[in-house]
Amino acid sequence: MKRAPIPLAACAVDPDGTILRWSRACEQFTGYPAAEVRGKAVQDLLLFDSPRGATVSIATRADTAALAELVCADGRKLPVRVTVSPESLDQEGGQNFSLVMLPVEPLPPRPALIRELPIGDIIEDLPCVFYVIDETGHLMLWNRLLQDALQRTPEELHCTEVKYFYDEEIRGEVAQFFIDALAHGESTHEADLVGKYGRRATYMFHCCRTYLAGKPCIFGTGLDISARKQVEHGLRVRERALYSSVNAIVITVCDNGNHLIEYVNPAFEQITGYMLEEIKGRDPRFMRVEGCDVHEHERIRSALKRKESVRSVLRNARKNGEIFWNDLRIDPVATVDGDVTHFVAVISDVTEARHYERRLHHLAHHDPLTGLANRTLLLDRLRFAVDFSVRHGVTGALAFLDLDNFKHINDNFGHDAGDAVLREIAERLRTTMREDDLVARIGGDEFVLLIHEQPTQRHVGDLLERVRRSVSAPVLVGGREIIPGTSIGVSLFPQDGDNVDRVMRAADAAMYHAKSLGKNNIQFYSAELGQAMHQHLLLQASLSRAIRNDEMVLGYQPKVDLRTGKVIGAEALVRWNRPEHGEQQPDSFIPMAEETGLIVPLGEWVIQEACRTLKSLAAAGICDLVISVNLSARQLRQRDFAKRLAATLGRYGVAPEHLELEVTESQLMDNPADAMDALKQLKELGVRLSIDDFGTGYSSLSHLRKFPVDYIKIDRSFLSDLYADDHAVIPRAIIALGHNLRLQVVAEGVETEEQLSFLRDHGCDQMQGFYFSPAIPCERLKDMVRRDTRLSA
């Protein structure tokens, strides 16, 4: 499309300045017609601002812009800015020049010029850069905005080829745009203009071909689009973020109350299996699972209707029909006027997370070894069951099962075998119980059955008898048969308790009662058992208080050398002076102390009292007496027991060899390796060691030979009826065995002359018992030793 030439004054001259062409604009500017000025010297009409007397040729002014005065036919002198440019790059032969003149001041108030030539002001006031480029690629005209953008002076702009205003890598591309404009009349392109001092901005250029003084040139504008490019870049980044997001994104358009899919990202396609082209224009509700999460669907519909954001976790269906959990967030998109036109939904596939949560919930409420319910789930279900029974008057039952001798299974067959037994018992319980009942494991070998809605206690008893027989059946582990057994305690609710705590305590008490009756049996809780349990708890509290309040006392039963009859030592025996009950024998409280762990502080008190007695004896001049103290299994297992014992001996100034520690045979065989380590530490300390109740346990001779002990004690049970049915065989064998192992043999519980004669006849080393003396206070022991009271020959 041919465009009208811009009304700039332009003319062409030869190297001497002779006017060759005179444009119509020059005629209008000056009032001189072209025919009149052609052939004249341009210096006569164009007065440059030169030093006085100096003459500057047109060729010298080439590629420059300068101020001059244009002489008009009416005698006026019009200030103009003149740009001189060579018409070609040919340096040989005559060179013609184009002169472009632009008024720099408002033209005189002539109607024709005001209407037709406001060009200078217009160009300077443009909100964009303006330029005119000649055929050689140099600027002929420009406005201030271009000059500022390029950070160059007018002289630099005129002398610099336009392509150098761009980055080097795009200069060829920009030159092509200008060539296209010359060839085709116009072109458009985007590019960054680079200032002399680094300023950079992106412009949208639009240029057109025109003619000045008969020569083609390019004029155009450039609009700074840097801000728009930044916005576009931000949009591309956000678009890429949508595209690359691992979360599925759906954009819907609002259409008469419907929400139709307009865009989905690749993550949506991957998660759901649906491609954009097959679901575009559909409502996303097609993915919902009918009948599931109805309340969540209603929340979403209400929020969309109110044009509000909403968050929901619900299930959807993939294209292949698979159900997945969806953490969904929907937000509205509004125009500047506040009208909601779209919604953006972000979908997170949380199926694995939901499964993991379920696994964590299962682990939090189930035993990892057997898969049975754990204590947490049991308490939750029991609370509900008891409340239900109280409200509706139905009977439920809670049964505690404790495997008999499970520790023996672990010690003799190994922990792997023990785990296999537990898993098998768990499976048997699951199989035996009803689906509505609950089977739980709450400890190492403790199981609990929660039984719902039973008509009578007899029905509960019949069910648990089947359970007991099932549990007691042999378990085959690694080709070996293991025979488990179980003691079962049962409480009924609400009869035995109307809350969880009472029901649990009742079942626990019944279970302990079952174990006390010989194990492998079933016992129901009763009021009498409850009273016994109450007394048991009172005894426990009283015993704890007794240790703190010095209600315990020690008696000392003398030990006698059977060869000399001399008192050479004593065994410290604890008694309880219980207020309002009198003196209590050890059998009435030691088992309780062992069960509750009070044996540890009680044992420490006994050792301290024994050391205090040894210190008192030494002060009285009795320095060769040995006092023995019974050591509990719990004390022996304490890691720092030897260290604390050494501190106690040091505190009382007692030589270690004057203290003897008695451990039972069963304690040593409970864990022979640990027992060996503990005894070695005590032996290194220097105390004496003895095995109490020898012959009543299951020790092997190989272990006995390795234990670093000094004495073995014959249990009193082997001294009864010595001359009946070969009862004397065992004590004779023990005495012989001890001597062969180079150990001293001590007989305890000697009460008759017949027993004493037997022991002397077979070479027993020491004795203690009522035949010589019961346990006596410390002062009487001192007196006996000082008077050298002896066993008669």
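Residues numbered from 1 in each chain as written. Predicted model: local features only at pLDDT ≥ 70, side-chain atom pairs only at ≥ 80, totals over all residues. Heavy atoms only, no water.

Novice: What is the right way to read the overall build of the protein chain from this model?
Specialist: Helices and strands together make up the secondary structure of the protein chain, namely 28 helices and 32 strands. Overall, the C-alpha framework of the protein chain stretches about 170 × 70 × 55 Å when taken along its three principal axes. Put simply, the protein chain has 793 residues, and 46% of those count as buried. For the protein chain, long-range pairs separated by at least 24 residues make up 56% of all intrachain contacts whose partners lie at least 6 apart in sequence. Within the structure as shown, the protein chain displays about 40,300 Å² of accessible surface, and the carbon and sulfur contribution to it stands at 51%. Across the protein chain, the mean location of the 93 positive side-chain charges is 1 Å away from that of the 114 negative side-chain charges. (Helix = DSSP H or I, 4+ residues; strand = E, 2+ residues; numbered from the N terminus. Buried < 20%, exposed > 50% of the residue type's maximum accessible area, 1.4 Å probe, protein only. Contact = heavy atoms within 4.5 Å. Areas by Shrake-Rupley, 256 points an atom, 1.4 Å probe, with all protein chains shown as cover. Lys, Arg positive; Asp, Glu negative; His and termini not counted. Charge placed at Lys NZ, Arg CZ, Asp CG, Glu CD.)

Novice: How should I be thinking about the sheet that holds strand E14 (residues 310-317) in this particular structure?
Specialist: Adjacent strands of a sheet pair through backbone hydrogen bonds, lying either parallel or antiparallel. One open sheet accounts for five strands, arranged E13-E12-E16-E15-E14; its pairing is antiparallel. Since the sheet does not close on itself, it has two edges, and those belong to strand E13 (258-264) and E14, each with one partner. Across this sheet, the average inter-strand angle for adjacent strands is 35 degrees, counted without regard to direction. Both strand E12 (residues 248-255) and strand E16 (residues 340-349) contribute to a ladder of six bridges, which runs antiparallel. Paired with Ala248 across the two strands is Ile347, which belongs to E16. Strand contacts of helix H12 (residues 351-365): E14, strand E15 (323-334) and E16, with the helix running at about 130 degrees to E15, the strand carrying the most contacts. (Pairing = 2+ DSSP bridges. Axes fitted to C-alpha atoms, helices over the stretch in contact; angles between N-to-C directions.)

Novice: Sorry, what's going on with helix H24 (residues 672-685) here?
Specialist: Count 3.6 residues to each turn of an α-helix, and residues three or four apart come out pointing the same way. Helix length check: H24, at 14 residues, gives a terminal C-alpha distance of 20 Å against a target of 20 Å (1.5 Å per residue), a fit within 8%. When H24 is considered as a whole, its buried residues turn out to be Ala675, Met676, Ala678, Leu679 and Leu682. Downstream of H24 by a residue or two, Gly686 has a phi angle that is positive, lying close to 110 degrees. (Expected span 1.5 Å × (residues − 1).)

Novice: Would you mind going over the pairing of strand E5 (residues 77-86) with me for this structure?
Specialist: Working note: regular strand, side chains alternate between the two faces of the sheet. In terms of burial, E5 is a largely internal element, nine of the 10 residues being buried. As defined by bridge partners, E5 adjoins strand E6 (residues 97-103) across seven bridges and the pair is classed as antiparallel. Counterpart to Ser85 in the pairing with E6 is Ser98.

Novice: Could you clarify how one ought to interpret the environment of Glu446 in this entry?
Specialist: In this structure, Glu446 sits in strand E19 (residues 446-451). Between the C-alpha atom of Glu446 and that of Lys215, which follows or precedes it by 231 residues, the distance is 108 Å. Beyond its immediate sequence surroundings of up to four residues, Glu446 is in contact with Leu401, Asp402, Ala440 and Arg441.

Novice: What is the right way to read the sheet that holds strand E18 (residues 438-441) from this model?
Specialist: Strand order in the open sheet formed by five strands is E18-E19-E17-E22-E23, with mixed pairing between adjacent strands. Of all the strands in the sheet, just E18 and strand E23 (522-524) have a single pairing partner and so form its edges. Between one strand axis and the next, the sheet turns through 20 degrees on average, direction left out of account. Strand direction decides the pairing type here: E18 and E19, joined by four bridges, are antiparallel. Note on E19: the bridge partner recorded for Ala440 is Val448. This element, helix H15 (residues 415-432), spans strand E17 (396-403), E18 and E19 of the sheet and lies at about 10 degrees to E19. Set on the sheet, helix H16 (residues 457-472) makes contact with E17, E19, strand E22 (486-493) and E23; between it and E22 the angle comes to about 160 degrees.

Novice: Is there a simple way to explain the packing of helix H20 (residues 599-619) against helix H22 (residues 641-652) in this structure?
Specialist: Any two packed helices are characterised by the angle at which their axes cross and by the distance between the axes. Two elements in contact, H20 and H22, have axes separated by 9 Å at closest approach and are oriented at 30 degrees. Here H20 is positioned roughly parallel relative to H22, judged by the angle of their axes. Here H20 runs over H22; the crossing is right-handed. For the pair formed by H20 and H22, the contact residues are Glu604, Ile607, Gln608, Cys611, Arg612 and Lys615 on the first element and Phe641, Arg644, Leu645, Thr648, Leu649, Arg651 and Tyr652 on the second. (Parallel < 35°, antiparallel > 145°, perpendicular 65-115°, else oblique. Left-handed = near helix turned anticlockwise from the far one by under 90°.)

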